[in-house]
Amino acid sequence: MGDRRRSGGRGGPTQDRGGYKVLCVSALHPKASDDVVRDTLYREFKKYGDISVRVMHEPDERVAYTYFRSFEDARDAKHSKSRIILFDKPTTVEAVYESASREEYDSGRGGGRPRSLSPPRYG
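Just so it is clear, the structure is predicted and the values come from calculations on it, not from any experiment.

### Here we look at the environment of E94
Argument step 1. Inspection of the secondary structure assignment puts E94 in strand β6 (residues 92-97).
Argument step 2. Excluding its chain neighbours within four sequence positions, the residues that come into contact with E94 are V22, L23, C24, S26 and K78.

Structural data, given as structure tokens:
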């Protein structure tokens, strides 16, 4: 864990902005139960730090989210495990980037253009 110096402790917004602590694992084998998926991901990722795993049923597919305590742990896991084989089928591992704060989003929107207003409600 000597790699923590890059984050600057809790870090300012420039340090953590655009980082991720969550990995999304998709293309899961349909015959793999949620418990098997959780157990497999725990076994694959636990060496990178404390994690929790949630299997979600999205409208068009089932995905698993692996939550890490730090950006560094998630990054190390992603770079080491870009694919995991589950029931002889490779899965896809992608980072889930944290969204910018509302203030950052609004200030960067359309080159600083003011937000449009919704029409008033009548009734």
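### A closer look at unusual backbone geometry
Argument step 1. The phi angle at A27 is positive, at roughly 60°, despite the residue not being glycine.
Argument step 2. With respect to the helices and strands, the residue A27 is situated in the loop between β1 (20-26) and α2 (34-45).
Argument step 3. Note on A27: relative accessible area 25%, which makes it partly exposed.
Argument step 4. Its identity is not glycine, yet F87 carries a phi of approximately 55°, on the positive side.
Argument step 5. Along the polypeptide, F87 turns up in the loop between β4 (85-86) and β5 (89-90).
Argument step 6. According to the relative accessible area criterion, F87 is partly exposed, its value standing at 42%.

### Side note on the packing of aromatic side chains
Argument step 1. Inspection of the entire model under this criterion finds two aromatic pairs.
Argument step 2. With a centroid separation of 5.1 Å and an interplanar angle of 80°, the aromatic rings of Y20 and Y97 are classed as edge-to-face. Residue Y20 is located in strand β1, and its partner Y97 is located in strand β6; the two are separated by 77 residues in the primary sequence.
Argument step 3. Here the aromatic rings of F45 and F68 are separated by 5.8 Å at their centres, their planes lie at 75°, and the arrangement is edge-to-face. With F45 in helix α2 and F68 in strand β3 (residues 62-68), this residue pair connects regions lying 23 residues apart in the sequence.
Argument step 4. Under the relative-accessibility criterion, F45 is labelled buried at 0%.
Argument step 5. Overall, F68 belongs to the buried group, its relative accessible area being 6%.

Cut-off values and rules
Residues numbered from 1 in each chain as written. Predicted model: local features only at pLDDT ≥ 70, side-chain atom pairs only at ≥ 80, totals over all residues. Heavy atoms only, no water. Helix = DSSP H or I, 4+ residues; strand = E, 2+ residues; numbered from the N terminus. Contact = heavy atoms within 4.5 Å. Buried < 20%, exposed > 50% of the residue type's maximum accessible area, 1.4 Å probe, protein only. Phe/Tyr/Trp six-rings, centres within 6.5 Å; stacked < 30°, edge-to-face > 60°.

The values reported here are purely geometric and, on their own, carry no functional implication.
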